Structure formats: structure tokens, C-alpha cells
Amino acid sequence: MKQDYEILREAYSAWQAAESLRARRNRQVRYTFGDQWIDAMPDENGRSVPEREIIMRTGRRPLTNNLLRRMVKTIVGIYRNRASENQLYDSTPGSLDARNCLAELDARLLEEYVISGCAIQRVADENRGGANAVWVDNVNPSRFFCNTFSDPRALDIELVGMSHDMSWPQLVNRFARGSRSKAMALKKMVDDAAGAGFFTDEILGFSNESTCDFFGPAAPGRLRVFEIWRLKENPVTVRNRLRMDMKWHCCWITADGTVLDEYNSDFRHGSHPFVVKFYPLVDGEVHSFVEDAIDQQRNVNRLLVLTDTILAHSAKGGLIYPLNQLPRGMNLSAVESSWALPGAVIPVTGNGTQLPQQVDSGKSGAPAYEMLNLHMQLFDKTSGINDALLGQDISASTGAALYEARVRNSTTILTDLLDSFSSFTEARNQKARSTV
């Protein structure tokens, strides 16, 4: 087996170029699923610590009202309803849609699309379960790499690929071609990788894909293999005229540069197996739907913490306790501890003319409540996910025509997102039809 470090270097450079995109995606994923106090902020000593820690140091609770998750679930639900009404997926046994569970795959991919702005699928004719067929797989952006591009159709991609963690049987079926010696060589590569790798414990229901490194290590018992597709020139002379034909070339290579297989594209469409769409791709930049709403979500959380703090401190108000009322053997700290308890009894001497009294305005939280309500309304207007769209704004006085108009107007802001994703699935279906 030969080694090719150059193609591996090109792939690694492409993967490094997407570092900022992956970092933003990881932040947006964590925000979407409720971990919303993660941003680093300087503490009193100038050290960078998570915002959650700073909130807790001040005695407050880092509360969240996760509006992002509701937004994402609503958008996916709207897409599923559209797909069902328009019968976008073929449920016939043996069809491409049914074999790949495309309705479910696309729903999960739309979730990724809303969160990160990345939609990536791999469409290939492969042997799975003993028979060849066209298979579609969602690709995690943490494993994907390609050259920088600016065409919304991704037609200016010239290098594209992903990392795979493959077991020995998978390696044998794909690369050994029935050779026992090649199979044993692959077994040794898997064993060597296991001996050299440091593996983190995996927990069901939790993923470490967000911290996936380019060179591994792969999971125990698996080998990190890169599938790399490059657009290569092929000089052709026709009637004494030189012409450059461009062909896609694939290379399967391990992390140490060992080439397991390479070939020109044998798909009928003559291209690579990936379908890629970033949203919205403006001047090559990606800014997802969730990313646009994160600042509004942060404002809601901060106001939620503020109102919670106001409630905690206004439950009993402030206490004016004259020092000449302190009983013998009792200090102000003991009074404070007793006062904080429900039904507490605080003894006084009764010697002075002024008795302890509680001070409570009773209205200190009103401005915070109003601001919290305002920001939640702004979030709904920004995202397009309002009560009408959620079916929560129905009253006897609301006519059917008026209600439908309000729902239709609510979905206007989502039209571009959903139509963009639909163009992706159409491109995917076209590639699947022309794969074999």
C-alpha cells in the first residue's frame, strides 16, 4: 500500500479552514438544547470563565427559558406537515425514500439546517446487507471538509470529503477485494490504532462528535479513514487542440497517509457523492436561523434571572432592626438567619421605642416583568414563531379566514428557509436518480 501525504495535507487544510464554522455550530447546538450560560466572560480577576459561574458567584440562579428549542421544533413540524400534505415521500417498499427513511432523515437534517445552517448528505451506490442499492446518509459537519466556496449551489467545490470510523469487517468488505493478505493487513492497522489511541468513554444518548478531531482517535475497534474527492484536470487533444476535461477522483486514505483505494468517479452523474448546502451563503459566510436569535434568547434569560432575584429579595423585603432591640447573646447574623426562615420567631428586648419593621415596596419587579414580556414578544416576531402559528391564539371571536391569514403571514418569514431546504432535497433526489 502506497502513502500519499499531499492529499491528506490538502484535506486537513480544508478541515482547518472550517474551524470557525464548527465552533459557532457547537455553540448554537448547545444553546438550542438548553446549555445557554456557556459563553466565556472575564471575572473579577480577569480570568475567562463561563457566564454560568459568574452568575452563581453572585448568589443568583442561571435560569433559562428555552425559546430556541420551541422555535426549532415548530419549524420542523411545519416542514413535516407540508411534506405530508404534498406527499413528498414515497412510502412504497423498496423505493429510495422508504429504504433510506428519507422523511425521518430530512427532518433531522432540517433541524441541523436551522441550528447550524449546514445541510450535508452523502448519496452513493453501496453494498449494504448483501445487496447493492443507492443509500443516503446525513453527514455531521464535524466530520465534513471542503474547500472554501461562495456559490449557493456549491458548484465551485473542488475538494470535498469526510472522515469515517470503520470496523475491520467494514474495511475488509470495502477494500480487501477478497484477498486474505489484505484483510490481515487491515486487521493489523485496526489493532495498531487501538494500541496507540486514547479513547473517551461514550455514553448512550450523548455525543462527542462536537469535539471530533481530524486525525482521531477513532472509536475503539475502528480505524479513522478519510474519503477525499478532488476535481482533477485531464488533458485531452481533439483535432490538435488541447482541452482540459475535469474529472472527480476519489481517494480513501488513513490518518498515517496509507492509501487504501483510489478511483475516478464511476457514478452516472460523474461527480462526487456529497450534496451540500449552507444557509444563507452570503459572500461565503454562513449565519444560521438560530444564530440570529441567540442574542434575543440571552436577553430573555438575563431578565428571567433578574426577575427571579427580585422575587427572592422581595419575598420578605428589607428588615430594619434597631440595635437596642437585640436580646443578650444574639447578633445580627442570627437575626438574619431567623428572618429568612418561614414562620420564624425573632425575639426583641422591648426596651426601645422603635420595634423591628419590614420594608417592602411590593412593586419593585414590575419593570423587569414588562421588559421580560417585551423581549419574549420580540423573539417571536424575529423568529416568526408566534401564538397564531402555534395554535394558541384561538378565540371564539377569531374567524377561520382571519386565523388562516394570521398563520399564513406568520410563515412568511420561514418561506425562504423552507424553500431553500426544499431546493437541497431536490438536488439530492436528482443526484440519487443519476447515481447508477
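Everything that follows concerns the structure shown earlier in this document.
So, here is what we can say about the structure in this document. (Residues numbered from 1 in each chain as written. Predicted model: local features only at pLDDT ≥ 70, side-chain atom pairs only at ≥ 80, totals over all residues. Heavy atoms only, no water.)

Here the focus is a nonpolar patch on the surface. On the surface, Leu242, Met244 and Met246 cluster together to form a nonpolar patch covering roughly 320 Å² of accessible area. As for its placement among the helices and strands, Met246 is situated in strand 8 (residues 241-254). (Patch = residues over 30% accessible without salt bridge, like charges linked within 9 Å, V, L, I, M, F, W, Y side chains within 5 Å. Areas by Shrake-Rupley, 256 points an atom, 1.4 Å probe, with all protein chains shown as cover. Salt bridge = Lys/Arg side-chain N within 4 Å of Asp/Glu carboxyl O. Helix = DSSP H or I, 4+ residues; strand = E, 2+ residues; numbered from the N terminus.)

We now examine the sheet that holds strand 3 (residues 118-128). The sheet built from three strands is open, its strands ordered 4-3-10 with antiparallel pairing. Strand pairing shows two members of the sheet lacking a second neighbour, strand 4 (131-138) and strand 10 (274-278), which therefore form its edges. Between one strand and the next, the sheet's axes are offset by a mean angle of 10°, whatever the strand orientation. In terms of strand pairing, strand 3 meets strand 10 through five bridges, oriented antiparallel. Within strand 10, the residue paired with Cys118 across the bridge is Phe278. (Pairing = 2+ DSSP bridges. Axes fitted to C-alpha atoms, helices over the stretch in contact; angles between N-to-C directions.)

Volume-wise, the largest pocket comes out at about 930 Å³. In terms of lining residues, the largest pocket is bounded by 34 residues, among which Arg122, Glu126, Arg128, Arg174 and Trp252 are the most central. Sorting the residues of the lining of the largest pocket by element identifies strand 3, strand 4, strand 6 (159-167), helix 7 (168-176), strand 7 (222-238) and strand 9 (259-264) as the ones contributing at least two each. Among the elements that take part in the lining of the largest pocket, strand 3 stands out by supplying six residues, more than any other. Grouping the amino acids of the lining of the largest pocket by side-chain chemistry returns eleven nonpolar, nine polar and 14 charged. (1 Å grid on protein atoms, 1.4 Å probe; cavity = no way out; pocket = protein on both sides within 12 Å on 5 of 7 lines; lining within 4 Å. Points joined across faces, edges and corners; volume = space filled by probe spheres on them. Nonpolar A, V, L, I, M, F, W, Y, C, P; charged D, E, K, R; others polar.)

What follows covers the environment of Arg224. With respect to the secondary-structure elements, Arg224 resides in strand 7. Spatially, the C-alpha atoms of Arg224 and Ala255 are 6.3 Å apart, while their sequence positions differ by 31 residues. A polar contact is formed between the side chain of Arg224 and the side chain of Asp165, at a distance of 2.5 Å. Of note is the side chain of Arg224, whose polar atom sits 3.0 Å from the backbone oxygen of Phe214. (Polar contact = N/O pair within 3.5 Å; in protein donor to acceptor, adjacent residues only side chain to side chain.)

Next up on the list: the packing of aromatic side chains. By the definition in use, this model includes 17 aromatic pairs. On the numbers, 5.3 Å between centres and 35° between planes, the contact of Phe149 with Phe278 is tilted. Here Phe278 lies in strand 10 and Phe149 lies in the loop between strand 5 (144-146) and strand 6, a separation of 129 residues in the sequence. Grouping residues by exposure puts Phe149 and Phe278 together as buried. Each ring, one from Phe175 and one from Trp252, has its centre 5.6 Å from the other, and the planes form 65°; the classification is edge-to-face. Of the two residues, Phe175 is situated in helix 7 and Trp252 in strand 8; the sequence distance between them amounts to 77 residues. Each member of the pair, Phe175 together with Trp252, is buried. Among the aromatic residues, ring-to-ring pairing joins Tyr12, Trp15, Phe145, Phe214, Phe215 and Phe226 into one connected group. Taking NZ or CZ as reference, Arg22 lies 3.7 Å from the ring centre of Trp15, over its face. The cationic tip of Arg99 hangs over the ring face of Trp135; the distance from NZ or CZ to the ring centre is 5.8 Å. (Phe/Tyr/Trp six-rings, centres within 6.5 Å; stacked < 30°, edge-to-face > 60°. Buried < 20%, exposed > 50% of the residue type's maximum accessible area, 1.4 Å probe, protein only. Lys NZ or Arg CZ within 6 Å of the ring centre and 35° of its normal.)

Okay, the pattern of salt bridges next. If you walk through the whole model with that rule in mind, you get 35 salt bridges. Between Arg57 and Glu53 there is a salt bridge; the shortest N-O distance is 2.4 Å. Taken together, the residues Arg57 and Glu53, both in helix 3 (residues 51-57) and four residues apart, mark about one turn of the helix. With a relative accessible area of 33%, Glu53 lands in the partly exposed category. A salt bridge links Arg128 to Asp137, with the nearest nitrogen and oxygen atoms 2.6 Å apart. Residues participating in the shared-partner salt-bridge network are Arg122, Glu126, Arg128, Asp137, Arg174 and Glu227.

Restricting attention to buried positions, one finds in helix 10 (residues 332-339) the residues Val335, Ser338 and Trp339. One side of helix 10 carries all its buried residues, which in axial view fall inside an arc of 95°. Taking the backbone nitrogen of Ser333 as reference, a side-chain oxygen 3.2 Å away marks Asn331 as the first, capping residue of helix 10. (Arc of directions from axis to C-beta.)

So, on to the pairing of strand 10. Counting buried positions along strand 10 yields five of five residues, so the element is predominantly enclosed. Residues Phe274, Val276 and Phe278 line one face of strand 10 and the alternating positions Val275 and Lys277 line the opposite face, and both faces are buried.

If you walk across this open sheet you meet the five strands as 5-6-7-8-9, and the pairing is antiparallel. The open sheet terminates on both sides in strands that have one partner only, identified here as strand 5 and strand 9. Across the sheet, the mean angle from the axis of one strand to that of its neighbour is 25°, orientation sign disregarded. In this sheet, strand 9 lies alongside strand 8 in antiparallel orientation, the contact comprising five bridges.

For helix 7, the full list of buried residues reads Leu171, Phe175 and Ala176. Buried residues in helix 7, looked at end-on, bunch into an arc of 80°, giving them a common side. Positive phi appears at Arg177, one or two residues downstream of helix 7, with a value of about 55°.

Turning next to the environment of Val139. Within the secondary structure layout, Val139 lies in the loop between strand 4 and strand 5. According to the relative accessible area criterion, Val139 is buried, its value standing at 6%. In sequence terms Val139 and Cys118 are 21 residues apart; their C-alpha atoms lie 9.7 Å from each other.

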